[in-house]
Amino acid sequence: MAQLVVGIDLGGSFIKGVLTDRLGKVRRWERVPTEREKGAEHVLNRVKSTVNTLTQGGEALAAVGVGIPGMLDRDRERVFLAPNLGWRDINIRSELRRLIGVPVFLDNDANAAALGEAWLGAARHSSSFMLVTIGTGIGSGLVLGGEIYRGANGLAAELGHMGLLPQGTRCSCGQRGCLETLVSAGAILHEAREASVVQEGAEAREVLELANSGNKEAVGVVAEAMEYLALGLKNTIVLLDLELILIGGGVGDSSAGFIDMLRDRTIDLLPVKREVKIKQAILGNRAGALGAARLALLELGS
Ligand SMILES: [Zn+2]
């Protein structure tokens with residue numbers, strides 16, 4: 001019988017789940033609102049009911065993988081901090097295991113998305129790459145030698161908090177001038193409003209669309225953000241000599257032109273020219289759940 005797992009992408013707005021076999025053949029998708037305002041216990045029960053819905057065909061489930069938008073401890077048992085869920089220092093792995101009744105494995109959502117792209121997406125043929133998601137914040141997952149690199153404390157690949165401007169804007173992490181304060185959707189919107197490119201209530205996507213259509217001020221805002229992102233990617237490449245960088249997330253997905261400019265500028269900045277691919281991720285908002293399923297399979301040794 002096929003070994004089936006569920007992958008869950010636990011987002012601040014939606015819980016997305018997928019039931020798949022060990023080859024990535026998808027049996028079912030499910031998506032429900034997270035309802036995070038009702039508290040962690042309620043959200044964990046929503047995860048449980050999502051798993052139940054996905055397996056209502058009576059399929060035997062081997063394990064569940066869950067991608068969490070936040071920082072986990074080294075053993076990936078506890079969530080230290082997940083601002084988008086309003087969680088701080090809670091042990092969710094044992095609670096989910098108790099609720100669902102099969103092994104549960106956790107990872108950071110960007111790591112899960114990187115596993116998804118490595119399994120079924122744009123990084124299938126790369127053993128050393130980084131996925132960068134640009135949305136409300138910046139997420140990144142790093143794969144070295146075919147495996148997620150988590151670092152000594154499980155906190156590796158926090159590209160969004162790479163410091164670029166010592167006197168810059170205060171970041172959500174408490175430091176100043178992190179990449180996330182310069183390139184995220186919020187940062188782009190802030191700059192666009194300052195330059196009167198868009199009105200209050202606009203979305204970052206609109207700034208990118210305006211830039212694509214040649215609006216001079218919008219081009220200026222996007223070019224400045226891209227300059228910092230190129231610097232962050234250059235720093236990463238000179239450190240790790242990666243073969244591929246994938247760009248995803250709401251901002252990354254919305255503009256192929258942005259990726260082309262980013263690639264050219266990053267390669268310009270490299271001291272020694274080399275073969276490095278910078279391209280769009282292809283799984284979009286399915287990467288997290290598919291990667292969480294892959295995580296479960298890897299942890300099971302499948
Ligand atoms: Zn920061």
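Residues numbered from 1 in each chain as written. Predicted model: local features only at pLDDT ≥ 70, side-chain atom pairs only at ≥ 80, totals over all residues.

Caption draft 1: Seen up close, the overall build of the chain. A tally of helices and strands in the chain yields ten helices and 13 strands. Relative to the 2.2 N^0.38 estimate, which gives 19 Å for 302 residues, the radius of gyration of the chain is 19 Å and therefore close to what a compact globule would have. By principal-axis analysis of the C-alpha atoms, the chain measures approximately 55 × 40 × 35 Å. Counting only residues that meet the buried cut, the chain has 44% of its 302 residues in that class. Partitioning the intrachain contacts of the chain with sequence separation of at least 6 by distance along the chain shows that 61% fall at a separation of at least 24. (Helix = DSSP H or I, 4+ residues; strand = E, 2+ residues; numbered from the N terminus. Rg over C-alpha atoms; globule rule 2.2 N^0.38 Å. Buried ≥ 20, exposed ≤ 12 C-beta atoms within 10 Å, placed from the backbone. Contact = placed C-beta atoms within 7 Å.)

Caption draft 2: Quick peek at helix H10 (residues 287-300). With 14 residues, H10 ought to run about 20 Å at 1.5 Å a step, and its terminal C-alpha atoms sit 20 Å apart, in line with that. Summarising burial for H10: eleven of the 14 residues are buried, a large majority. If you check which residues of H10 are buried, you get Ala287, Gly288, Ala289, Leu290, Gly291, Ala292, Ala293, Arg294, Leu295, Ala296 and Leu297. Residues of H10 that are buried in the fold lie against strand S1 (4-10), strand S2 (14-21), strand S4 (61-68), strand S8 (104-108), helix H3 (109-120) and strand S12 (244-248). Looking at the residues trailing H10, positive phi occurs at Gly301, about 85 degrees. (Expected span 1.5 Å × (residues − 1).)

Caption draft 3: Region of the structure containing the sheet that holds S4. Strand order in this open sheet of five strands is S3-S2-S1-S4-S8, and the pairing throughout is mixed. The strands lining the two open edges of the sheet, one partner per strand, are strand S3 (26-33) and S8. Sheet twist, expressed as the mean angle between neighbouring strand axes with direction ignored, is 15 degrees. The sheet contact formed by S1 and S2 spans seven bridges and is antiparallel. Directly across from Leu4, in S2, lies its bridge partner Asp21. Across the sheet, helix H1 (residues 40-54) touches S1, S2, S3 and S4, and the angle it forms with S2 is around 35 degrees. Helix-sheet contacts for H10 involve S1, S2, S4 and S8, and the interaxial angle to S1 is about 135 degrees. (Pairing = 2+ DSSP bridges. Axes fitted to C-alpha atoms, helices over the stretch in contact; angles between N-to-C directions.)

Caption draft 4: Inspection of unusual backbone geometry at higher detail. A positive phi angle is found at Ser196, which is not glycine, with a value near 55 degrees. Along the chain, Ser196 falls in the loop between helix H5 (185-194) and helix H6 (204-212). Looking at Ser196, the number of C-beta atoms within 10 Å reads 8, which means it is exposed. Positive phi, normally seen in glycine, also occurs at Asp241, with a value near 50 degrees. Relative to the helices and strands, Asp241 is located in the loop between helix H7 (216-240) and S12.

Caption draft 5: Structural view of the packing of H6 against H7. H7 packs onto H6 with a crossing angle of 115 degrees between their chain directions and a minimal axis gap of 7 Å. Here H6 and H7 pass one another in a crossing that is left-handed. Across the interface between the two elements, Val207, Leu208, Leu210 and Ala211 from H6 touch Ala218, Val219, Val221 and Val222 from H7. Split into classes, the residues belonging to the contact of H6 with H7 amount to eight nonpolar, no polar and no charged. (Left-handed = near helix turned anticlockwise from the far one by under 90°. Nonpolar A, V, L, I, M, F, W, Y, C, P; charged D, E, K, R; others polar.)

Caption draft 6: Looking closely at the sheet that holds strand S5 (residues 71-72). With respect to topology, three strands assemble into an open sheet ordered S5-S6-S7, the strand pairing being antiparallel. Each end of this open sheet is capped by a strand with a single partner; those strands are S5 and strand S7 (87-91). Sheet topology places S5 next to strand S6 (residues 78-82); two bridges connect them, and they run antiparallel. Looking at the pairing, Met71 lines up with Leu81 of S6.

Caption draft 7: Spatial organisation of the nonpolar core. Counting residues in each nonpolar core, the largest one holds 93 residues, and the members touching the most others are Val64, Val66, Ile188, Val207, Val222, Ile245 and Leu246. Broken down by element, the residue count for this core peaks at nine residues, all from H7. Two domains share this core, each providing at least three of its residues, namely domain 1 (4-109 + 285-300) and domain 2 (122-282). The contacts of Ile245, once residues within four sequence positions are left out, are Phe129, Met130, Val132, Leu233 and Ile278. (Core = buried A, V, L, I, M, F, W, Y, C linked by C-beta atoms within 7 Å. Domains from an automatic or database assignment.)

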